[in-house]
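Commentary on secondary and tertiary structure
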Amino acid sequence: GCRTLSLSAHVGFDSLPDQLIRKSIKHGFCFNILCIGETGIGKSALVSSLFNTDVEDSPSTHFLSSVRLRAQAFELQESNVLLKLTVVKTVGFGDQVNKADSYQPIVDYVDAQFEAYLEEELKVIRSLFSYHDTRIHVCLYFISPTGRSLKTIDLLTMRSLDSKVNIIPVIGKADSISKAELQEFKKKIMSELVSNGIRIYQFPTDDETVSEINAITNGYLPFAVVGSMEKVNIGNKMVRARQYPWGIVKVENENHCDTIKLRRMLCTNMEDLKEKTRAYYESYRRCRLEKLGCRDIGPENKPVSLQEVIEAKRLEFCLEVERKEEEIKQRFVQRVKEKAAMLEEAEQQASMPVLTKFERLMLMNQEEELKLGEKKKLLEGEIAQFIEKKAISESIQSQVSVSAPVSLKTKGLRKVSANA
Amino acid sequence: PCAGPVESKNEAAMSELVPEPRQKPVVPMKPMGINASLLGYIGIDTIIEQMRKKTMKTGFDFNIMVVGQSGLGKSTLVNTLFKSQVSRKSSGWNREEKIPKTVEIKAIGHVIEEGGVKMKLTVIDTPGFGDQINNENCWEPIEKYINEQYEKFLKEEVNIARKKRIPDTRVHCCLYFISPTGHSLRPLDLEFMKHLSKVVNIIPVIAKADTMTLEEKTEFKQRVRKELEVNGIEFYPQKEFDEDLEDKTENDKIRQESMPFAVVGSDKEYQVNGKRVLGRKTPWGIIEVENLNHCEFALLRDFVIRTHLQDLKEVTHNIHYETYRAKRLNDNGGLPPMTVETEENHESNL
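Note that the structure is a prediction, hence the values are computed from the model and not measured.

Some points on the overall build of chain B
Looking only at helices and strands, chain B features 10 helices and 11 strands. Contacts in chain B between residues at least 24 apart in sequence constitute 68% of all its contacts with a sequence separation of at least 6. If you sum the accessible surface of chain B, you get close to 17,900 Å²; carbon and sulfur atoms cover 52% of it.

Focus on the overall build of chain A
In terms of helices and strands, chain A carries 11 helices and 10 strands. When each of the 420 residues of chain A is scored for burial, the buried share is 41%. Restricting the contact set of chain A to residue pairs at least 6 apart, pairs at least 24 apart contribute 66%. Approximately 24,600 Å² of chain A is accessible, and the part contributed by carbon and sulfur atoms is 57%.

Looking at the domain arrangement of chain A
Domain parsing of chain A yields domain 1 (23–292) and domain 2 (303–371). Once you take the C-alpha centre of each, domain 1 of chain A and domain 2 of chain A turn out to be 56 Å apart.

As for the confidence of the model for chain A
Mean pLDDT for chain A: 85, with 88% of residues reaching 70 or above. Below a pLDDT of 50 lies the segment residues 407–420 of chain A, which in the model reaches seven contacts outside its immediate sequence neighbourhood of four places, other chains included.

What about the pairing of strand β10 (residues 247–250) of chain A?
Put simply, side chains in a regular strand alternate between the two faces of the sheet. Residues and elements named next belong to chain A. Inspection of the sheet shows strand β9 (residues 237–244) paired to β10 by four bridges, in the antiparallel sense. Paired with Gln 243 across the two strands is Ile 248, which belongs to β10. Turn length for the β9-β10 hairpin, with the two strands adjacent in sequence and antiparallel, is two residues.

Comments concerning the environment of Arg 325 of chain B
Looking at the element boundaries, Arg 325 of chain B is found in helix α9 (residues 309–330). Separated by 144 residues in sequence, Arg 325 of chain B and Thr 181 of chain B place their C-alpha atoms 39 Å apart. A distance of 3.0 Å separates a polar side-chain atom of Arg 325 of chain B from the backbone oxygen of Glu 121 of chain A.

A closer look at the pairing of β9 of chain A
Residues and elements named next belong to chain A. As defined by bridge partners, strand β8 (residues 231–234) adjoins β9 across four bridges and the pair is classed as antiparallel. Within β9, the position partnered with Asn 233 by the bridge is Met 238. Hairpin connection from β8 to β9: two residues lie between these consecutive antiparallel strands, with Gly 235 at a positive phi of about 55°.

Here we look at a nonpolar patch on the surface
Residues and elements named next belong to chain A. A cluster of nonpolar side chains, Phe 332, Val 333 and Val 336, forms an exposed patch at the surface whose accessible area comes to about 290 Å². Tracing the backbone through its elements, the reader meets Val 336 in helix α9 (residues 306–349). A relative accessible area of 43% places Val 336 in the partly exposed class.

Some remarks on helix α7 (residues 245–258) of chain B
For an α-helix, 3.6 residues make a turn, and residues three or four places apart therefore share a direction. With 14 residues, α7 of chain B should cover 20 Å at 1.5 Å per step; its first-to-last C-alpha distance of 19 Å lies within 8% of that length. The complete set of buried residues in α7 of chain B reads Asp 247, Asn 251, Asp 252, Ile 254, Arg 255 and Ser 258 of chain B. Contacts made by the buried residues of α7 of chain B are with α1 (16–27) of chain A together with α6 (214–230), β8 (261–262) and α8 (297–307) of chain B.

What to know about α1 of chain A
Taking 1.5 Å per residue as the helical rise, α1 of chain A with its 12 residues ought to reach 16 Å, and the 17 Å between its terminal C-alpha atoms agrees with that figure. Residues of α1 of chain A that are buried include every one of Leu 16, Pro 17, Gln 19, Leu 20, Ile 21, Lys 23 and Ser 24 of chain A, and no others. Considering only its buried residues, α1 of chain A is in contact with β2 (29–36) of chain A together with α2 (46–58), β3 (60–67), β5 (117–125), α8 and α9 of chain B. Immediately downstream of α1 of chain A, the backbone of Gly 28 of chain A shows phi near 90°, a positive value.

Quick word on the sheet that holds β8 of chain B
If you walk across this open sheet you meet the seven strands as β1(A)-β4(B)-β5(B)-β3(B)-β6(B)-β7(B)-β8(B), and the pairing is mixed. Two strands bound the open sheet, and with one partner strand each, they are β1 (3–5) of chain A together with β8 of chain B. Here α9 of chain B sits on the sheet and contacts β3, β5, β6 (173–178) and β7 (202–206) of chain B; the angle it forms with β3 of chain B, its principal contact strand, is near 85°.

Describing the pattern of salt bridges
Residue and element names in this part refer to chain A. In total, this model carries 52 salt bridges over all chains according to the counting rule given. Close ionic contact of Asp 175 with Arg 242 constitutes a salt bridge, the shortest N to O distance being 3.0 Å. A residue pair is termed long-range when its members are at least 10 positions apart, and Asp 175 in the loop between β6 (167–171) and α5 (179–195) and Arg 242 in strand β9 qualify at 67 residues. Taking the relative accessible area as the measure of exposure, Asp 175 reaches 23% and is therefore partly exposed. A residue is classified by how much of its surface remains accessible, and Arg 242, at 31% relative accessible area, is partly exposed. Here the salt bridges do not stand alone but share partners, grouping Lys 186, Glu 254, Asp 258, Lys 261 and Arg 264 into one network.

Considerations on the sheet that holds β8 of chain A
Residues and elements named next belong to chain A. Read from one edge of the open sheet, three strands run β8-β9-β10, paired in antiparallel fashion. Both edges of this open sheet fall to β8 and β10, since each of them pairs with a single strand only. Going across the sheet, the axis of each strand differs from the next one's by a mean of 65°, ignoring polarity.

Observations regarding the packing of aromatic side chains
For the structure on display, the rule yields 16 aromatic pairs over all chains. Measuring from centroid to centroid gives 4.9 Å for Tyr 176 of chain B and Phe 192 of chain B, while their planes differ by 20°, and the two rings are stacked. One end of the pair, Tyr 176 of chain B, is in strand β6; the other, Phe 192 of chain B, is in helix α5 (residues 187–196), with 16 residues separating them in the sequence. Phe 192 of chain B carries the same exposure label as Tyr 176 of chain B, and that label is buried. Taken together, a centroid distance of 5.6 Å and an interplanar angle of 45° make the contact between Phe 261 of chain B and Phe 303 of chain B tilted. Residue Phe 261 of chain B is located in strand β8, and its partner Phe 303 of chain B is located in helix α8; the two are separated by 42 residues in the primary sequence. Assessed through its relative accessible area of 3%, Phe 303 of chain B is described here as buried. Counting every residue linked through ring pairs, the aromatic cluster contains Phe 114, Tyr 117, Tyr 131, Tyr 281 and Tyr 284 of chain A.

A look at the side chain of Arg 285 of chain A
Inspection of the secondary structure puts Arg 285 of chain A in helix α8 (residues 270–291). Look past the residues within four positions of Arg 285 of chain A in its chain and what remains in contact with it is Leu 118 and Glu 121 of chain A together with Glu 157, Val 158, Asn 159, Ile 160 and Arg 162 of chain B.

Here's the deal with the environment of Ile 213 of chain A
Residues and elements named next belong to chain A. Topologically, Ile 213 is positioned in helix α6 (residues 208–218). Note on Ile 213: relative accessible area 39%, which makes it partly exposed. For the pair Ile 213 and Met 158, spaced 55 residues apart in sequence, the C-alpha to C-alpha distance is 26 Å.

What to know about the packing of α8 of chain A against α2 of chain B
For the pair α8 of chain A and α2 of chain B, the least separation of the axes is 8 Å and the interaxial angle reads 60°. By the criterion of interaxial angle, the relationship of α8 of chain A to α2 of chain B is oblique. Every residue of α2 of chain B that contacts α8 of chain A at Met 270, Glu 271, Glu 275 and Arg 278 of chain A is listed here: Ile 47, Gln 50, Met 51 and Lys 54 of chain B. Here the residues of the contact of α8 of chain A with α2 of chain B sort into three nonpolar, one polar and four charged.

Reading the values: the criteria
Residues numbered from 1 in each chain as written. Chains lettered and ligands numbered in written order. Predicted model: local features only at pLDDT ≥ 70, side-chain atom pairs only at ≥ 80, totals over all residues. Heavy atoms only, no water. Helix = DSSP H or I, 4+ residues; strand = E, 2+ residues; numbered from the N terminus. Contact = heavy atoms within 4.5 Å. Areas by Shrake-Rupley, 256 points an atom, 1.4 Å probe, with all protein chains shown as cover. Buried < 20%, exposed > 50% of the residue type's maximum accessible area, 1.4 Å probe, protein only. Domains from an automatic or database assignment. pLDDT = per-residue confidence, 0-100. Pairing = 2+ DSSP bridges. Polar contact = N/O pair within 3.5 Å; in protein donor to acceptor, adjacent residues only side chain to side chain. Patch = residues over 30% accessible without salt bridge, like charges linked within 9 Å, V, L, I, M, F, W, Y side chains within 5 Å. Salt bridge = Lys/Arg side-chain N within 4 Å of Asp/Glu carboxyl O. Expected span 1.5 Å × (residues − 1). Axes fitted to C-alpha atoms, helices over the stretch in contact; angles between N-to-C directions. Phe/Tyr/Trp six-rings, centres within 6.5 Å; stacked < 30°, edge-to-face > 60°. Parallel < 35°, antiparallel > 145°, perpendicular 65-115°, else oblique. Nonpolar A, V, L, I, M, F, W, Y, C, P; charged D, E, K, R; others polar.

See the structure below:
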């Protein structure tokens, strides 16, 4: 512990936060959002509404064979703050007949961003300062506005992600639920999340200036959101809204939906979301390095350097590669020998002058011709016999009366047809 | 981009479809810079307040080292800079204190607070530097200490289970005190700065500047700058780390005109023109420490504390530390951890 000293006059290091902020502004800020939800639940519309910016997006098909992810990057400027925003959306979520693997591509994506950061961090020459951080800072999980309860896929997906990313559940297309049903629905969802042990992001309540408002906002979870890419002219202003025959749902009206609340909470807690993401990254990193066989304490209880372990693994790997190389080489040599033996054998068998294909065909032809010639002779002989027989039978017939058996004639005819 | 069964080409132009999962990790995407214009206030700029709150809550570490022969007023200057007794002065050799046999490294930490900002300031003193008969390699213990702090940080960083905030004992700034001979730099000065400017931010200062007239001061400074340049010594702020044009213009002025700062330190106050000022009283007048006509202390203070404090830390972290780390990992990574010996040396010398 250090002694605290009092200052006799103004030193000037109270400008340190400003110096830090000036540098951060120069560097820019980044924020990455992951939107998970069924096709058509309004992910793009919500992002457009949250950041009041036109997110171009063409509607997706329902017929993708597996869940994919699509990332879009934006640069938003507000006063002197430049925000590099990346929005990653699921494509085809919930469309497959068999949804058992739906959450896996999402988990893989989140892990991949952690992995990329870890890779950079482990490099010998690295530039973490200018590295564009793609780790997901918040995940908006869209719940279908069924009014009943969470679906199994919701529970599965959220559970697979709740130790890797901050999850904020939202009810998509919330204008299809009445206010009364909405309260019940929200309660049901929250109790299901609790009973299934799913950890969602709680807005921090440790700082007195925001604890009250954050506690109240925590009570509004899950946010019932409505988004719109279209604007409606209301009182001479173009406002984001959804126009129905029975009225207009205004996206930015807090009585109509929670979109503004979500926006406010995302913006005012960006730093906290990023800090919690860093904590998730640390546990990912720990698991990953432990899997590689790294330990902080070695076998003799002495601290082991990460580099020692990596070096040892690298050697191990190199040896393995060498061994495999040798194996493949041996197999190749073996195969060559076998093939050579085969060829020799084949050559020996053809010890007579080898006939070319053409000559062989000619031979075959000649043989066939001979055979056919013989057959022809036989056939001609039979025809001659038949003509004889026919002549005889005709002469017999003319002598005998009309009641001659037809069978003789047909018998003869049948014989001819068999030989044709 | 992979072609799904019904993907149209237009989609590919606006966004990137992430390839099939379970293959190589996705290469992090660089933002395509679609400048989406904001159509109304969102609240993104509140992140500045969030940052400020967070940094004020966690506080700052700052570690400053002073190097120079004894008697050049190092402790007084540091105390004047931070307006408190952060460095204990050595009371002179006639009071039962031995001249250290080698260079010692003494680090003392204090917590000071101003305007809600808490700073843990550590002043690292190097008694014995340049005081021996033979000063060969007297810079070595200092370089060793600096590298040991990098090593400490690296070990923490490389742990599997890491601390949320790694304690930072790395030297952010090294004030090197030049004797005001009026002639040129001494070989020892050049030796030290040549070796250490590669591992730490060095800010050369001309000590006890009240022994030179204005003309002598200007000439001396010019000569020192020239000598540093000729010897390839890059003092802070280093040219190659200027981030943009704004930085470059600001820093060029400092590098080419103001530095090295000719300073005078004092912890005594006198009355001048009805005001209480810090100064040194001589038969021929009172030298006001914070009067820019008398000396450049105020420039040094503003430079180190009010404008470049954060930058000193960032250059230390992003450049000096990274250089150390890269070298360490390349050099047949896995050497047994360096033992921290300086405390032991301490005991034997006292």
